[in-house]
Amino acid sequence: GDPIIMDGSIKRGSVSVNMYTRTFDLSAVRAFVPTLRNVAILKGQLKGVDLYLKGSFRNFTVKGKATVERWRYGKYVLEDCPLEVNLRLLKIPFGWELTGRVLINGGYFVTPYARVKIAPSRLYFSGDPLMPELDLKGQARVSRTRVDIVVRGTRKKPEMALTSDPSLPQEQIVLLLVTGKRWSGIGSADSEKKMTPELASDFVDHFLFGGPGKKLAEYFGLSDISLR
């Protein structure tokens with residue numbers, strides 16, 4: 001890959017370094033950190049990486065910018081996604097603790113049935129790297145329908161707002177996003193059926209993280225929801 005240019009100092013276990021590279025393949029991390037060889041998220045490319053690292057090898061901050069050129073997780077893809085990071089990593093007995101935030105300044109989130117244009121969004125971390133607090137906004141066009149998406153809260157307890165043009169009831173919008181098709185026989189524009197917290201959580205888990213969507217399938221009387 002491209003050279004990684006570092007400028008700074010490492011003294012008595014204390015690090016103060018600016019790191020820059022034009023492009024970086026995430027899979028290269030596996031060659032340097034054997035414990036990460038089976039981590040599925042390390043598939044993709046970054047560009048314009050300009051980061052400042054400060055602290056010790058077990059407790060340090062990372063600040064700076066990078067753009068996700070293309071990052072794949074299962075059937076999901078992030079493209080052309082500029083990031084600003086301000087994070088602190090602390091080594092704990094069974095892994096790493098992550099605190100801070102990541103600003104997402106655009107780009108696209110692509111699922112099997114929707115291409116979501118990302119509006120300015122944020123991820124907040126307070127310990128578990130896999131359980132950030134979400135503040136996500138985006139817009140998709142599926143089956144000639146524009147869908148505005150807002151997701152806040154956590155992966156397990158999200159607060160979700162879905163609106164569409166032309167106007168559709170909530171359950172139709174959900175099915176549109178996870179199947180790519182309009183199901184006119186389900187609900188109506190004045191439907192009073194509400195999304196339960198459990199269903200909202202299952203939708204976020206399925207749509208954003210590739211979960212199985214079992215509660216969604218049960219809710220709509222479907223035998224299965226497949227990403228194939």
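Here is a short report on the structure shown in this document. Note that this is a predicted model, so its numbers are computed, not measured.

**Observations regarding the pairing of strand S2 (residues 14–25)**
Summarising the sheet, strand S1 (residues 5–11) and S2 pair through 7 bridges and their orientation is antiparallel. Paired with Asp 7 across the bridge in S2 is Asn 18. Counting the residues between successive antiparallel strands, the hairpin from S1 to S2 contains 2 residues, one of them, Arg 12, with a positive phi of roughly 50 degrees. Two elements, S2 and strand S3 (residues 44–56), share 11 bridges in a ladder whose sense is antiparallel. Each bridged residue has a counterpart across the sheet, and for Thr 23 the counterpart in S3 is Lys 47.

**Side note on helix H2 (residues 170–179)**
In terms of residue burial, H2 counts as a mostly covered element, since 9 of its 10 residues are buried. Along H2, the residues that are buried comprise Glu 171, Gln 172, Ile 173, Val 174, Leu 175, Leu 176, Leu 177, Val 178 and Thr 179. A positive phi of about 80 degrees marks Gly 180, the residue just after H2.

**Describing the side chain of Ser 164**
Here Ser 164 lies in strand S12 (residues 158–165). From its side chain, Ser 164 meets the backbone oxygen of Pro 166 in a polar contact 2.7 Å long. Polar side-chain contacts of Ser 164 include one of 2.9 Å to the backbone nitrogen of Leu 168. Not counting residues within four places of it along the chain, the set of residues in contact with Ser 164 comprises Thr 145, Arg 146, Val 147 and Ile 173.

The rules behind the values
- Residues numbered from 1 in each chain as written.
- Predicted model: local features only at pLDDT ≥ 70, side-chain atom pairs only at ≥ 80, totals over all residues.
- Heavy atoms only, no water.
- Pairing = 2+ DSSP bridges.
- Helix = DSSP H or I, 4+ residues; strand = E, 2+ residues; numbered from the N terminus.
- Buried < 20%, exposed > 50% of the residue type's maximum accessible area, 1.4 Å probe, protein only.
- Polar contact = N/O pair within 3.5 Å; in protein donor to acceptor, adjacent residues only side chain to side chain.
- Contact = heavy atoms within 4.5 Å.

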